[in-house]
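Per-entry structural report
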Amino acid sequence: MQPSVTFFGPLDTILGSPTVGGAFLIEYIIFGVVIVNFLTRQLAHRSHVKQYENDGADAVSRHPAHTFTNIALIVLSFFYMTLHHHGGMVLSVLVLGAVITDFFEFESRKVEARRDIPLERPKGAIVAALVVFMYAGYQSLFWVIKGPWSAII
């Protein structure tokens, strides 16, 4: 179903048009950015550990690629909300929760570095990102299980 009002004109038409299986292009883009966010999360953690081991607690800083993917997820989920209100609202809340969790996990790594204890993986942020991954996957890949799902439900 196409939105009756387009806020961003041609961008809405391109990203909001159905593709394979009836999913919209924006849903695949969001799903891809979520996967890239996992990769940058791993890079950021490695960078934090390396910064801490080499230069001490004050050297631990945010990884620019991970910050970029967090911002991209926020912008894309808000854009998705203009196309599909319910799915976009749910996704936006989940993404904001993951980004806020990620913010506090980074601060926890800074505290661990200042206390001279080994840096842990950002477990809370990983779980929050997994929830975003599952919902983005549901939105973009539902067509894969649509037949059996419709037969049962």
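Right, let's walk through the structure included here. (Residues numbered from 1 in each chain as written. Predicted model: local features only at pLDDT ≥ 70, side-chain atom pairs only at ≥ 80, totals over all residues. Heavy atoms only, no water.)

Section: the overall build of the chain
When its secondary structure is counted, the chain shows five helices and zero strands. What you see in the chain, going N to C, is helices and strands ordered as α-α-α-α-α. Residue burial in the chain is summarised as follows: out of 153 residues, 41% are buried. With the model as given, the accessible surface of the chain reaches about 8900 Å², and the carbon-plus-sulfur share is 71%. (Helix = DSSP H or I, 4+ residues; strand = E, 2+ residues; numbered from the N terminus. Buried < 20%, exposed > 50% of the residue type's maximum accessible area, 1.4 Å probe, protein only. Areas by Shrake-Rupley, 256 points an atom, 1.4 Å probe, with all protein chains shown as cover.)

A short note on the layout of surface pockets
Over the atoms, a rolling probe the size of a water molecule traces out where space has been left empty. A volume near 280 Å³ is recorded for the largest pocket. Lining the largest pocket we find 18 residues, and of these Arg62, His66, Asn70, Asp102 and Phe106 sit closest to its centre. Going through the elements one at a time, α2 (25-55), α3 (64-83) and α4 (85-114) are the ones with two or more residues in the lining of the largest pocket. Counting residues per element, the lining of the largest pocket draws most heavily on α4, which supplies six residues. Of the residues in the lining of the largest pocket, the class split is seven nonpolar, six polar and five charged. (1 Å grid on protein atoms, 1.4 Å probe; cavity = no way out; pocket = protein on both sides within 12 Å on 5 of 7 lines; lining within 4 Å. Points joined across faces, edges and corners; volume = space filled by probe spheres on them. Nonpolar A, V, L, I, M, F, W, Y, C, P; charged D, E, K, R; others polar.)

Quick word on empty space enclosed by the protein
Taken as a whole and assessed by the stated rule, the structure comprises two cavities of 30 Å³ or more. As a volume, the largest cavity reaches approximately 70 Å³. Together, Val34, Asn37, Arg41, Asn70, Leu73, Val95, Ala98, Val99, Asp102, Ala129 and Val132 line the largest cavity. Counting only elements with at least two residues in the lining of the largest cavity, the list comes to α2, α3, α4 and α5 (123-152). For the lining of the largest cavity, the element with the most residues is α4, which contributes four residues. Here the lining of the largest cavity is composed, by residue class, of seven nonpolar, two polar and two charged. Along its surface, the second largest cavity is lined by Glu27, Ile30, Tyr80, Leu91, Ala136 and Gln139.

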